[in-house]
Amino acid sequence: MSGKAKDILQMDLYGLLGIESTATTKEIKKAYRQKALTCHPDKNPDNPKAVELFHQLSQALEVLTDAAAKAAYDKICTAKKRAEERTRKLDDKRKKIKLDLEAREQQAEAQSQEEVQNTRTLEEEIARLREEGSRQLEEEQRLIREQIQREREEQQLQTGVYNSGVERCSKSNVTPKLKLKWKCKKDDETNGGYSQDILFRLLQKYGDVSNVIVSRKKRGSAVVEFATVRAAELATKNESGLSENPLKISWLEGQPEVIAPASQPGQFMSLQGALSNERDYESVVMMRMRQAAERQKLIEQLQREDDEDAAGS
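The residue count restarts for each chain, going from 1 along the sequence in the order it is written. In keeping with the predicted nature of the model, local features appear solely for residues at pLDDT of at least 70, side-chain atom pairs appear and are counted solely at 80 or more, and the whole-chain, interface and lining totals rest on all residues. Hydrogen atoms and water are omitted, and side-chain values are computed over all heavy atoms in the structure.

- An unreviewed UniProt entry annotates the protein chain as DnaJ homolog subfamily C member 17 originating from Sander lucioperca.
- Among the UniProt annotations of the protein chain, the heading Function (unreviewed entry) holds the following wording: "May negatively affect PAX8-induced thyroglobulin/TG transcription." UniProt positions are given in the numbering used here, feature names are shortened, and annotations may be inferred rather than shown by experiment.

Shown next as structure tokens:
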């Protein structure tokens, strides 16, 4: 039994999310979002247990929203509950006889065939979820990161103050995206030592990472989307990747450019003063809509590049 499967079996996934075992996928996702928002590490920087609880909630979402993995988990839980119920009904004498018999049986056979089969099925489903990149979990966590980012932006807007000194802005208000490349042989199953999780850990120290897409067809290539231009700038200037296989980082979209300083340095202006008419407000709304559409375009763009590379080879 793998360590991850043991950890999951020791947890009450339904109790963790505060739902019944009959909950629908929609109810499971809703419960996950509510729990994950309260314990997200970004909202609890001083609570070391928040990271562990957030990780456990993510594991619960992975298993319970996948039909095959959920069925394997439910089967083991049901078997354990039945065994516990049978044990409770035994009197002291019969319980001792049963425990002695089970001890001898465990020496002859470490696990019953049913438990072995059930555990193997759960391990296979967990491995499959890991290989598929747990797209559903990534989407839910992306939504949570975006909501936290929106809350931060709302707090900044409430202050009503912006520095009018030298500023940097991105072209066309697009979401900042970087292209990553590294050396990788065609038959290298480790993809040069880089995976989606490794890239996420390397880059998230510079700021919120909205998405990381590793090309499945084109080895040694990925695209990362940051929530802010500042985070993307820091990653471009400072990140070198693994020492044995360095990263080459370049701008894909949203590269900032320097604009002239305000005529009166140090002067502050409110958001209401900056957005002085309806067109300014409409521009902000349109920018938000474009950013939402760009995420889907990013995936389609990477897929087209992969198809072209595959056709060329």
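Structure's up, so let's keep going.
1. Focus: the overall build of the protein chain
Then, in step 1: The helix count covers DSSP runs of H or I at least four residues long, the strand count covers runs of E at least two residues long, and both are numbered beginning at the N terminus. Across its full length, the protein chain carries 12 helices and 10 strands.
Then, in step 2: Each residue's exposure class comes from its accessible area (1.4 Å probe, protein chains only) as a fraction of the maximum for that residue type: buried when under 20%, exposed when over 50%, partly exposed otherwise. Counting across all 313 residues of the protein chain, residues that qualify as buried make up 34%.
Then, in step 3: Only the protein chains shown count as cover for residues, and all accessible areas are computed by the Shrake-Rupley method using a 1.4 Å probe. Accessible surface, the protein chain as shown: approximately 20,100 Å² in total, 50% of it carbon and sulfur.

2. Some remarks on the packing of helix α5 (residues 67–89) against helix α7 (residues 113–131)
Then, in step 1: Here, axes are lines fitted to C-alpha atoms. For helices the fit covers the stretch in contact, and angles between N-to-C directions go from 0 to 180 degrees. The contact between α5 and α7 brings their axes to 9 Å, and the two run at 150 degrees. By the angle between their axes, α5 is roughly antiparallel relative to α7. Crossing of α5 over α7 shows left-handed handedness. Of α7, the residues touching α5 (which contributes A68, A69, A72, Y73, K75 and I76) are N118, T119, T121, L122, E125, R128 and L129.
Then, in step 2: Looking at the contact of α5 with α7 residue by residue, the classes come out as seven nonpolar, three polar and three charged. We call two directions roughly parallel when the angle between them is under 35 degrees, roughly antiparallel when it is over 145, roughly perpendicular when it lies between 65 and 115, and oblique otherwise. Crossings are sorted by hand: turned counterclockwise from the far helix by less than a right angle, the near helix makes the crossing left-handed, and turned clockwise it makes it right-handed. A contact between two residues is defined here by any heavy atoms of the two lying within 4.5 Å. Note on residue classes: Ala, Val, Leu, Ile, Met, Phe, Trp, Tyr, Cys and Pro are nonpolar, Asp, Glu, Lys and Arg are charged, and everything else, Gly too, is polar.

3. Side note on the sheet that holds strand β4 (residues 209–214)
Across a sheet, paired strands are connected by hydrogen bonds in the backbone, their directions being either parallel or antiparallel.
Then, in step 1: The strand order across the open sheet formed by four strands is β4-β5-β3-β8, and the pairing between neighbours is antiparallel. For this open sheet the edge positions go to β4 and β8 (248–253), each flanked by a neighbour on one side alone. Each adjacent strand pair in this sheet contributes to an overall mean axis angle of 25 degrees, direction not counted.
Then, in step 2: Bridging between strand β3 (residues 177–181) and strand β5 (residues 221–226) involves five bridges; their strand directions are antiparallel. Bridge pairing in β5 links K177 to E225.
Then, in step 3: Relative to the sheet, helix α10 (residues 229–238) contacts β3, β5 and β8, its axis offset from that of β8 by approximately 150 degrees. Any two strands are treated as partners once DSSP identifies two or more bridges connecting them.

4. Describing the pattern of salt bridges
Should their charged atoms come close, side chains of opposite charge can pair.
Then, in step 1: The salt bridge definition used is simple: a Lys or Arg side-chain nitrogen within 4 Å of an Asp or Glu carboxyl oxygen. Scanning the model with the defined rule gives 14 salt bridges in all.
Then, in step 2: K89 serves as the salt-bridge partner of E85, at 3.9 Å between the closest nitrogen and oxygen. Highlighted residues: E85 and K89, both in helix α5, separated by four residues, approximately one helical turn.
Then, in step 3: Owing to a relative accessible area of 33%, E85 belongs among the partly exposed residues under this scheme.
Then, in step 4: Residue K89 is classed as exposed on the basis of its relative accessible area, which comes to 65%.
Then, in step 5: K98 serves as the salt-bridge partner of E102, at 2.3 Å between the closest nitrogen and oxygen. Of the two residues, E102 and K98 both sit in helix α6 (residues 92–108), four residues apart, roughly one turn of that helix.

5. Looking at the environment of E189
Then, in step 1: Take E189: it is sitting in the loop between β3 and α9 (196–203).
Then, in step 2: Sequence separation of E189 and R219 is 30 residues, and the distance between their C-alpha atoms is 9.6 Å.

6. Looking at the packing of aromatic side chains
A ring pair, where both rings are aromatic, is described by two values, the distance of the centres and the angle of the planes.
Then, in step 1: Within 6.5 Å between ring centres, the rings of Phe, Tyr and Trp (the latter by its six-membered ring) count as paired, and their orientation is classed by plane angle as stacked under 30 degrees, edge-to-face over 60, tilted in between. One pass over the full model with this rule turns up two aromatic pairs.
Then, in step 2: Between Y14 and Y73, the ring centres sit 6.2 Å apart and the planes meet at 50 degrees, which makes this aromatic pair tilted. Separated by 59 residues along the polypeptide, Y14 in helix α2 (residues 13–17) and Y73 in helix α5 bring together distant segments of the chain. The same class applies to Y14 as to Y73, namely buried.
Then, in step 3: Centre to centre, the rings of W182 and Y194 are 4.8 Å apart; their planes meet at 45 degrees, and the pair counts as tilted. Taken together, the residues span a long stretch of sequence, with W182 in the loop between β3 and α9 and Y194 in the loop between β3 and α9 at a distance of 12 residues. You'll find W182 and Y194 in the same group, each marked buried.

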